[in-house]
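# Residue-level structure breakdown
The chain contents come next:
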Amino acid sequence: MSEWRRYDSHLIPAFHERFEQRWGKGTAPFLDPEAHEEPVPRAQWINPSTGAALAVVPVWTVDERQQRSFGVFYLPPGGDIWVLRPGYTAYLEPADGEPEHLVTLRNDAFRKAVAHAKDFLFGSQ
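Keep in mind that what you see is a predicted model, and the values were worked out from it rather than measured.

## Things to note about the side chain of His16
Along the polypeptide, His16 turns up in helix 1 (residues 13-23). We classify His16 as buried; its relative accessible area is 13%. Apart from residues lying up to four places away in sequence, His16 is in contact with Ala28, Leu31, Asp32 and Pro33.

## Here's the deal with the pairing of strand 2 (residues 43-47)
Of all the five residues making up strand 2, four are buried; the element is thus mostly covered by neighbouring parts of the structure. With five bridges connecting them, strand 2 and strand 3 (residues 52-59) associate as antiparallel partners. Along strand 3, the bridge assignment pairs Trp45 with Leu54.

## Section: unusual backbone geometry
Residues other than glycine seldom take positive phi values, yet Asp80 does so here, at roughly 75 degrees. Mapped onto the elements, Asp80 comes out in the loop between strand 4 (67-75) and strand 5 (82-84). Owing to a relative accessible area of 39%, Asp80 belongs among the partly exposed residues under this scheme.

## Focus: the packing of aromatic side chains
Inspection of every chain in the model, using the stated rule, returns ten aromatic pairs. Ring centres of Trp4 and Tyr74 lie 6.3 Å apart, and the angle between their planes is 55 degrees; on these two criteria the pair is classed as tilted. Taken together, the residues Trp4 in the segment before strand 1 (5-6) and Tyr74 in strand 4 connect sequence positions 70 residues apart. Under the relative-accessibility criterion, Trp4 is labelled buried at 14%. Looking at Tyr74, the relative accessible area reads 11%, which means it is buried. Between Phe70 and Tyr91, the aromatic rings sit 5.0 Å apart at their centres with planes inclined by 20 degrees, giving stacked as the arrangement. Of the two residues, Phe70 sits in strand 4 while Tyr91 sits in strand 6 (residues 91-92), which places them 21 residues apart along the sequence. For Phe70, a relative accessible area of 3% puts it in the buried group. By relative accessible area, Tyr91 is classed as buried at 6%. Aromatic ring contacts, followed pair by pair, group Phe19, Trp23, Phe30, Trp60 and Phe73 into a single cluster.

## Re the pattern of salt bridges
Within this structure, the stated rule accounts for three salt bridges. Among the ionic pairs, Asp80 bridges to Arg22, the shortest N-O distance being 3.5 Å. Residue Asp80 is found in the loop between strand 4 and strand 5, and its partner Arg22 is found in helix 1; the two are separated by 58 residues along the sequence. On the accessibility criterion, Arg22 (45% relative accessible area) is partly exposed. The salt bridge partner of Asp108 is Arg111, with a shortest N-O separation of 2.5 Å. Residue Asp108 and its partner Arg111 are located together in helix 2 (residues 100-122), separated by three residues, close to a single helical turn.

Reading the values: rules and limits
- Residues numbered from 1 in each chain as written.
- Predicted model: local features only at pLDDT ≥ 70, side-chain atom pairs only at ≥ 80, totals over all residues.
- Heavy atoms only, no water.
- Helix = DSSP H or I, 4+ residues; strand = E, 2+ residues; numbered from the N terminus.
- Buried < 20%, exposed > 50% of the residue type's maximum accessible area, 1.4 Å probe, protein only.
- Contact = heavy atoms within 4.5 Å.
- Pairing = 2+ DSSP bridges.
- Phe/Tyr/Trp six-rings, centres within 6.5 Å; stacked < 30°, edge-to-face > 60°.
- Salt bridge = Lys/Arg side-chain N within 4 Å of Asp/Glu carboxyl O.

Okay, structure coming up:
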């Protein structure tokens, strides 16, 4: 039986810390739990036995907040951060009054990234 459990509380700060440790300060506005509202949708899992964690979050740059994709980030128990590649998950973040199809495209991209994360954690089912 897998030790992985969903984690539905705030974004784990270690994702932000390890990302910036590896790629530099200011490179992960999308992982900073203090800098903005919670990114939605998102998903997280933790493994209490090992201390490992995995998150699926929207990714953007400081300059372009509407063009996004979903990133899958794994925190191994011994430190570091891995970026898993779920394939093409780009979408436009809908602004107020934007067409409903943008929300559908975002949700489809999210489902694809979550499926990739679950395959990584639990294997193909």
